[in-house]
Amino acid sequence: MLLRMPTMPTAITRFAPSPSGSLHIGGARTALFCWAFARHIDATGGLGSFLLRIEDTDRARSSEASAKAILEDLAWLGIGWSEGPELGEIGGDPRNVGPWAQSARSGLYEQYFQRLLEAGTAYPAFESPEELAAMRAEAQANKQTFRYTQRADYDRETALARMETQEHVLRLHVPAEPIVVHDQVLGEITFTSEHFDDFVIRKKDGSPTYHFAVVVDDALMGVTHVLRGQEHLNNTPKHVALQSALGFETPIYAHMPLIFNDKGAKMSKRERDQTARVAAREAKLTESPIAEIDGTTFAAWLKDKTKQLGHDELEALAGHLGLILPEVSVDDFRRAGYLPGVICNFIALLGWTPSKHEDGTDREKFDMAFLGRDFELGRIGKPNARFDRVKLASFNQDALAAMSDESFVGAWSTWAARYDSTLVDSLGQGRMTLLAPSVKPRVKTLSESRGIIAFALAAHDAIELDPKSIDKVLRKGEPSGLELLRAFDRDALQSWAGAFAPEPIEQAIAQWCESRDMKSGKIAQPLRVAITGSTVSPPIGVTLAAVGLDGVRTRIAKCVEVVAAIAS
RNA sequence: GGCCCCAUCGUCUAGCCAGGUCAGGACGCCAGGUUUUCAUCCUGGAAACCGGGGUUCGAAUCCCCGUGGGGUCACCA
């Protein structure tokens, strides 16, 4: 066997989230495409690397917890990075290009600032934020677009001297020539220099701005392909200008279409607040209905549509209002019970098309391994895409239904252990296994399972009987459903022998009905109502088995009692 | 408002680059069927080339102009 020497990657992509919240579904797609591109390079004989960097130059908004959560969400989705912060087996620094958090890289930037300053392509500027604001206001009053350009009275010697004693920022002197961006998705785009200004590259406090840090870090880390959302398109000429000023090579850019909500606007965490706010107003809430949110916070939030509640507070409120909030971050989808593979499959389809099947038909369902092999920049589309939750749900339902019973139980218990532990506790592994085949085709998300199995969790003497169902299946007919229930209990259940399991139960029902020369639906529906309270439930054998013989008989007795009382 | 991007069924999209197809698929919707309920499953159906000019024998496809939508204009990233 040939021992492979450590090889340099032939293509390097990167995902650089700023840790100021949970991972947005749009960010997940960006990461997914970066990952997929690197895997595609592997599949075509090269060596691809997907690296992860933490963009925390804005210290005030960044948090360690958020960074960790983003990493975990990515790992859960199956989007592993070959270089970056370590998380279990994922990450590492084989090429020694870290550290990965920009806040830990501050020392690296200084020499590049100096280089630019010496070359005269960067210069200090001394205007205060207030002065700048005034200049912008004035430009606006004259219906002009404000652009910062070097002052006419700028003098290098004086400015450099002034730097020593006075607060200042560093700005890049942008070249007069147009900047042409070659984008793999959008094609060639020309930006004329009069439309962007001498932007800030070093803040007053000495830290680099995003533009500067990105350009330097990407170059130092050897990033060859920058895949990012189209909202960054207008930043690209700045980055290109910076690269040429710094003598760096310009990476290959690919700007991907944006993901919108069903209203055609950018998906945002804010819409979750808005959904809850509308519901709260409709419910005529004036003060906080739950302990998690204090009164003044609630009142302010209710009035001001720019205010946002914390994640848990919002969830608690939604729970109180019986509301399902639109999922926006990866964690929302995870909590709702979507499978990671399905999420990746679905978001990959938002703006990208896989190759066709061998027989020429369209392909829509695929796994991560396929995506990694098949991904090509050329098949990224241009138009922005709306996020259709209904279709996602359908994909998830299909994926759930396609699982073996064993793996479904696995996925179901894993999810429940994390988000609905009472379900695991009260159902137990045995009844989960029993119910799994019935739950599987009936849910779109794992969280919907609770509705399907609620009857099994309820107390035997506390079944709420649906009045319509009582009328329809218990009181009508000759003999009535209620009488059949009594008879079935007496004939079949009272002296039940052997296992009380789906198969024998179904057989017993079939035999009992045959002896009376009637269809089995005649007794199945009354049983459903007595056991679950409604006419809708899993197959009757499973339904009865899940409740147990004693439970079934108790529920029948209770039902007979209640309905008889109504009748008299 | 300046600049930039985009435009095929309600939605995601194939087809466009290298003009000629009943404009295909998926989700959803509608109608049937299977099933002891529901769900699953099966069959069928309605549903789109933003508008106007050009180029061409021929335009969803190429060009121009409109219109519409979106992004972006910070010492945030």
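One structure accompanies this document, and this report is about it. (Residues numbered from 1 in each chain as written. Chains lettered and ligands numbered in written order. Predicted model: local features only at pLDDT ≥ 70, side-chain atom pairs only at ≥ 80, totals over all residues. Heavy atoms only, no water.)

### Let's talk about the packing of aromatic side chains
No. 1: Scanning all chains against the criterion turns up 17 aromatic pairs.
No. 2: When the centroid spacing of 5.3 Å and the interplanar angle of 65° are considered together, the rings of Tyr123 and Tyr154 count as edge-to-face. With a gap of 31 residues between them, Tyr123 in strand S5 (residues 122-125) and Tyr154 in the loop between helix H4 (129-141) and helix H5 (156-165) connect regions that are remote in the sequence.
No. 3: Relative accessible area serves as the criterion here: at 2%, Tyr123 is assigned to the buried category.
No. 4: Under the relative-accessibility criterion, Tyr154 is labelled partly exposed at 24%.
No. 5: Members of the aromatic cluster, connected to one another through ring pairs, are Phe33, Trp352, Phe366, Phe370 and Phe375.
No. 6: Sitting over the face of the ring of Tyr148, Arg171 holds its NZ or CZ atom 3.7 Å from the ring centroid.
No. 7: Above the face of the Phe395 ring, Lys365 is positioned so that its terminal group lies 4.6 Å from the ring centre. (Phe/Tyr/Trp six-rings, centres within 6.5 Å; stacked < 30°, edge-to-face > 60°. Helix = DSSP H or I, 4+ residues; strand = E, 2+ residues; numbered from the N terminus. Buried < 20%, exposed > 50% of the residue type's maximum accessible area, 1.4 Å probe, protein only. Lys NZ or Arg CZ within 6 Å of the ring centre and 35° of its normal.)

### A closer look at unusual backbone geometry
No. 1: In this structure, Pro99 follows Gly98 across a cis peptide bond, with omega equal to -5°.
No. 2: Look at Lys284: it is not a glycine, yet its phi comes out positive at around 55°.
No. 3: Checked against the element boundaries, Lys284 lands in the loop between helix H8 (270-282) and helix H9 (295-303).
No. 4: By relative accessible area, which is 69% here, Lys284 ends up exposed.

### Concerning the sheet that holds strand S6 (residues 169-172)
No. 1: Strands sit in the order S5-S6-S9 across an open sheet of three strands; the sheet is antiparallel. Each of the sheet's edge strands pairs with one partner strand only, and the pair in question is S5 and strand S9 (200-202). Neighbour-to-neighbour, the strand axes of this sheet turn through a mean angle of 45°, independent of strand direction. (Pairing = 2+ DSSP bridges. Axes fitted to C-alpha atoms, helices over the stretch in contact; angles between N-to-C directions.)

### Description of the pattern of salt bridges
No. 1: Counted under the stated rule, the structure contains 29 salt bridges.
No. 2: Residue Arg61 is joined to Asp58 by a salt bridge in which the shortest nitrogen-to-oxygen separation is 3.2 Å.
No. 3: One salt bridge in this structure joins Asp420 and Arg450, with 2.7 Å as the shortest N-O distance. Of the two residues, Asp420 is situated in the loop between helix H15 (405-419) and helix H16 (421-439) and Arg450 in helix H17 (residues 449-457); the sequence distance between them amounts to 30 residues.
No. 4: The network of salt bridges with shared partners includes Arg14, Arg53, Glu55, Arg105, Asp217 and Asp218. (Salt bridge = Lys/Arg side-chain N within 4 Å of Asp/Glu carboxyl O.)

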